[in-house]
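Report on the structure
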Number of protein chains: 2
Amino acid sequence: MFPVSSRSQYGIRALVYLARKQGHVATASEISSREGISAKYLEGILTTLSSAGLVLGERGKNGGMRLARDTSEITMRDIVQALDGQVRPVACVDAAGDCSQGGACLPRRFWLGLKSVIDEYLESHTLKDVSES
Amino acid sequence: MFPVSSRSQYGIRALVYLARKQGHVATASEISSREGISAKYLEGILTTLSSAGLVLGERGKNGGMRLARDTSEITMRDIVQALDGQVRPVACVDAAGDCSQGGACLPRRFWLGLKSVIDEYLESHTLKDVSES
DNA sequence: ATAATTCCTATCGGCTTAATAGGAATATAT
DNA sequence: ATATATTCCTATTAAGCCGATAGGAATTAT
Ligand code: FES
Ligand code: FES
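Residues numbered from 1 in each chain as written. Chains lettered and ligands numbered in written order. Predicted model: local features only at pLDDT ≥ 70, side-chain atom pairs only at ≥ 80, totals over all residues. Heavy atoms only, no water.

One full turn of an α-helix is made of 3.6 residues, so residues set three or four places apart face in the same direction. In this model helix H1 (residues 6-20) of chain B runs 21 Å from its N-terminal to its C-terminal C-alpha over 15 residues, within 8% of the 21 Å that 1.5 Å per residue would give. Listed as buried for H1 of chain B are Ser 8, Gly 11, Ile 12, Arg 13, Ala 14, Leu 15, Val 16, Tyr 17, Leu 18 and Ala 19 of chain B. (Helix = DSSP H or I, 4+ residues; strand = E, 2+ residues; numbered from the N terminus. Expected span 1.5 Å × (residues − 1). Buried < 20%, exposed > 50% of the residue type's maximum accessible area, 1.4 Å probe, protein only.)

Printed below as a string of structure tokens:
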């Protein structure tokens, strides 16, 4: 229950790797071999993180990936949101659906509360927390 | 991200329905038609909840399902655990895996913390909370 | 030029899961 | 007894998701 996708797990490990590079570049293939992650798959993950503005991709020879901001300004929520979208335990988080209880749906409140505690946990932990010992 | 399965959503709605019956029986087909849930599918879900000891199934004519305990003694964690297993964001929740960081793996601590906040939220909400207005 | 890298698009195979089907076991009502 | 209504059990199917792979285009340094 509540599984986190490989995308997010890989992405986090890659960012932790980059964090330890202190802003220097590392190539996708370097990270993939060091972390034991499928090279092409990780490449796509890093591209996504680049689109999200979390890392800067530098193309061409001697290129690579570097963190776009300080580790303390990248929350874990930024990361998983970029890779797996918004925290959404149930579809009716966005709009109350067709359940029998209509607008006053109590389960919905319960799910919204769950979304909140997850969001708050993710937001209160930064890449700095997760990459430093 | 963090989707909750239809199994759990359906199961919760069924239990809320039963909660409002104040301990009286309701058949699976009654619940399915009232809640707009596939009849046979819900039937299996209720059987699972019965195995887990959350509801009592009474077979034969005039049989049905009733809550096994008071609504205040059924936590939301009981329900989702019965239907979708333990809260486990990542596999290494149980045993540290083969990630490059070994025993001192910081991501793992982060995931364990996430598991905790989810577990605590689920445990601190009961069927009573979710079924009463 | 050449090499190395990110970035883009498409596809595949396996797994999960919601849903369906058929029936066995069991209990009540008539 | 018989018919009926129900939970309970076991398979199977159809569709979607996801990790992974493949091939190349765009870009940049040497
Ligand atoms: S609106 Fe989602 S369960 Fe009621
Ligand atoms: S042990 Fe799971 S990420 Fe390190």
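From this point, the narrative continues.
Pairing between strand E1 (residues 55-58) of chain B and strand E2 (residues 64-67) of chain B: 4 bridges, direction antiparallel. Note on E2 of chain B: the bridge partner recorded for Gly 57 of chain B is Met 65 of chain B. (Pairing = 2+ DSSP bridges.)

Let's shift gears to the relation of the copies chain A and chain B. When chain A is fitted to chain B, the best match, at an RMSD of 0.1 Å, comes from turning it 180 degrees and sliding it 0.0 Å along the axis. The operation mapping one copy onto its partner corresponds to a two-fold rotation axis. Relative to the rotation axis, the C-alpha of Phe 2 of chain A is the closest in chain A, positioned 2.6 Å from it. (Least-squares fit on C-alpha atoms with pLDDT ≥ 70 in both.)

With that settled, consider the interface of chain A and chain B. With 41 residues of chain A at the contact, the number on the chain B side is 41 residues. A per-residue breakdown of the area chain A buries against chain B is headed by Met 1, Phe 2 and Phe 110 of chain A, which together make up 24% of the total. Scanning the region where chain A abuts chain B turns up 0 salt bridges. Every element with two or more residues in the side of chain A that touches chain B is listed here: helix H1 (6-20), helix H2 (28-35), helix H4 (76-84), helix H5 (106-123) and helix H6 (127-131) of chain A. The element contributing the most residues to the side of chain A that touches chain B is H5 of chain A, with 11 residues. A class-by-class count of the residues in the side of chain A that touches chain B yields 22 nonpolar, 11 polar and 8 charged. (Contact = heavy atoms within 4.5 Å. Buried area = accessible area lost by both parts, 1.4 Å probe. Salt bridge = Lys/Arg side-chain N within 4 Å of Asp/Glu carboxyl O. Nonpolar A, V, L, I, M, F, W, Y, C, P; charged D, E, K, R; others polar.)

These results come straight from atomic positions and should not be treated as a statement about function.
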